[in-house]
Every structure is written in structure tokens, then in C-alpha cells.
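Okay, here's what each chain looks like letter by letter:
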Amino acid sequence: MIRFDNVNKWYGQYHALVNVSETIAKGEVVVVCGPSGSGKSTLIRTINRLEPIDSGRILFENEDIHRRGLDINLFRSHIGFVFQQFNLFPHLTALQNCTIAPMHLKRVGKKEAHERALALLDRVGLAHKAHALPSELSGGQQQRVAIARALTMQPPVMLFDEPTSALDPEMVGEVLHVMKSLARDGMTMVVVTHEMGFAREVTDRVLFMDQGEILERGTPDAFFGRPEHPRARQFLSDIRISAVAA
């Protein structure tokens, strides 16, 4: 479904993505992990054109998504994206946040949009909060609304950029529960996260990045049990030390 061909990205003199080549299959759940500044968020943001690339190609369902002339808004309507900071419209209710894109971008009728949105809010456990404003919701509830909002466009792939990093620890589980449900249903997902429990339990593959390169790729069992790259071994060791210290 997604293919990176020798992708490079610079911020000035900083080489953020270095010759990245990777494929993500339909129905696959892939976690991208690594230390801060490793290029994880940059990588995922190139998939829906939030970040341009400087060389190489990214193909989505065999279409070069960084080519000139691409209808970016139409393309993005096929990609669900969940951000760290929720990005809900503060003046709209949960239900309105979930209906605005289908109604305005896909010309879905109001009745159908409302029915679809309510069904998805129910799926994330928030049908009873349909008429609440974001300020009336907890962080975990806001993030679940953001997931429902992305799903209302019926995307074939969902991208998650550290979706739990802005949440208090007790709210992380409710968001991960929804993401696990999507994975079980066969949704193609690319997830940038520090939640290694999610990576171990749910994903098909783990990609480990550092300094803009994918240094290791493998199944959760292989990555957590038998990491090959020295930097990946150090990363996992540091995580375990931090967990013990906590």
C-alpha cells in the first residue's frame, strides 16, 4: 500500500531522513520507534504530504504522492491522521467535529454524516459525549474523538503520530484500546509511538530509526527478543532501565 524509495529530507543542513526505503502492506500494522529526533514523526508526516521530501519517491497505492499536480486535499481525504495534540475544533461539539469533513469534502448528506459519526463515537465509547465541546472532555476522550473523526472519512490507512504522548498515564490505555480494536479489524496502520507494550502486543512489524535511518526492522518477537543493530539494543536497554527506575 505504501512504498518509500530512497527518500531523503533535509531541514537546512540537518539530514532528517536518510535514504529511506521501506514498504507497508495492506492490512499491516507497523510501529515506528526510536529516540527523540530520530526522524519518526518526519517519516510519517511525509506519507500525507504534511512534509515535503527532497529526493526519492513515496508511492501510495502505486501513485507518486509527491508529484507535481497532485490534488493534495483529495489525496489527504483518503488518509486518516491522528496527531499528538488532538487538533479538534474547540467551538464544535464532538459530533460536529466528526461530521464537518464528510459533509464538506465528500458531500455526504447531513443525516448520513450524523449516523456515521454517532456510530463511530459509539465505537470509541463516546456516544454519550456527542454533544460535548472539547473543553468538556478529558485528554483521552478528545483523542478518541480525533480517532473517530479520522474514521468518518472511511480511509484505507490510519497514521498515528505519538497519539498518547500528550496524555496523562491513566488516559493512555483508553486510546490504545481503540487502536487495538482497529488493528484487529484489519486496518492498515502506521504508528509512531513510545508505547512498547502496544508495539509488542499488536503490531506486525517494528521499524527502529535513529538519525534519519531505519536501522532495524522485524517482527515484535525478533525486535524485542533478538535485536541485531547495536543502537537498537542500546535503545531497548535504556527503556528497560527507565521502566525499572520508574
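Residues numbered from 1 in each chain as written. Predicted model: local features only at pLDDT ≥ 70, side-chain atom pairs only at ≥ 80, totals over all residues. Heavy atoms only, no water.

## Re the environment of Val 30
Summarising the element assignment, Val 30 is placed in strand S3 (residues 29-33). Between the C-alpha atom of Val 30 and that of Arg 217, which follows or precedes it by 187 residues, the distance is 9.8 Å. When near neighbours in sequence (up to four residues on either side) are disregarded, Val 30 contacts Ile 24, Met 189, Val 190, Val 191, Arg 205 and Leu 207. (Helix = DSSP H or I, 4+ residues; strand = E, 2+ residues; numbered from the N terminus. Contact = heavy atoms within 4.5 Å.)

## Digging into the sheet that holds strand S1 (residues 2-11)
Spatially, four strands are ordered S2-S1-S4-S5 in an open sheet, and the strand pairing comes out antiparallel. The outermost strands of the open sheet, each flanked by one partner alone, are strand S2 (14-24) and strand S5 (63-64). In terms of strand pairing, S1 meets strand S4 (residues 55-60) through five bridges, oriented antiparallel. Paired with Asn 8 across the strands is Ser 55, a residue of S4. (Pairing = 2+ DSSP bridges.)

## Describing the pairing of S2
As paired strands, S1 and S2 are joined by seven bridges and run antiparallel to one another. Bridge pairing in S2 places Phe 4 opposite Glu 22. Hairpin connection of S1 to S2: two residues between the antiparallel strands, including Gly 12 at a positive phi of 65 degrees.

## Focus: the sheet that holds strand S10 (residues 213-218)
Within the open sheet, the six strands sit side by side as S6-S7-S8-S3-S9-S10. Their pairing is mixed. Taken across any chain shown, the strands that pair with only one partner, and hence form the sheet edges, are strand S6 (79-82) and S10. Strand after strand, the sheet turns through a mean of 15 degrees between neighbouring axes, direction not considered. Across four bridges, S6 lies against strand S7 (residues 157-161) in parallel orientation. Of the residues in S7, the one forming a bridge with Ile 79 is Val 157. Packed on one face of the sheet, helix H5 (residues 139-151) meets S6 and S7 and runs near 170 degrees to S6. Packed on one face of the sheet, helix H6 (residues 169-184) meets S3, S7 and strand S8 (188-192) and runs near 145 degrees to S8. (Axes fitted to C-alpha atoms, helices over the stretch in contact; angles between N-to-C directions.)

## Here's the deal with the layout of surface pockets
Volume-wise, the largest pocket comes out at about 600 Å³. Of all the secondary-structure elements, those providing two or more residues to the lining of the largest pocket are helix H2 (72-76), S6, helix H3 (94-105) and H5. In terms of residue count, H3 provides more of the lining of the largest pocket than any other element does, five residues in total. Tallied by class, the residues present in the lining of the largest pocket amount to 10 nonpolar, seven polar and two charged. (1 Å grid on protein atoms, 1.4 Å probe; cavity = no way out; pocket = protein on both sides within 12 Å on 5 of 7 lines; lining within 4 Å. Points joined across faces, edges and corners; volume = space filled by probe spheres on them. Nonpolar A, V, L, I, M, F, W, Y, C, P; charged D, E, K, R; others polar.)

## A look at the side chain of Thr 188
Locating Thr 188 in the fold gives a position in strand S8. A distance of 2.6 Å separates the side chain of Thr 188 from the backbone nitrogen of Gly 27, its partner in a polar contact. (Polar contact = N/O pair within 3.5 Å; in protein donor to acceptor, adjacent residues only side chain to side chain.)

## Concerning unusual backbone geometry
Unlike most non-glycine residues, Asn 19 shows phi in positive territory, near 50 degrees. Mapped onto the fold, Asn 19 is located in strand S2. For Asn 19, a relative accessible area of 45% puts it in the partly exposed group. With a phi angle near 50 degrees, Gln 211 is a residue other than glycine that sits in the positive phi range. Among the secondary structure elements, Gln 211 is positioned in the loop between strand S9 (205-210) and S10. Of the residues examined, Gln 211 reaches a relative accessible area of 59% and is grouped as exposed. (Buried < 20%, exposed > 50% of the residue type's maximum accessible area, 1.4 Å probe, protein only.)

## Some thoughts on the pattern of salt bridges
Across all of its chains, the model carries 14 salt bridges by this definition. In this structure, the salt-bridge partner of Glu 51 is Lys 9, at a minimum N-O distance of 3.7 Å. You can see Glu 51 sitting in the loop between helix H1 (40-46) and S4 and its partner Lys 9 sitting in strand S1, a full 42 residues away along the chain. Its relative accessible area of 15% is what places Glu 51 among the buried residues. (Salt bridge = Lys/Arg side-chain N within 4 Å of Asp/Glu carboxyl O.)

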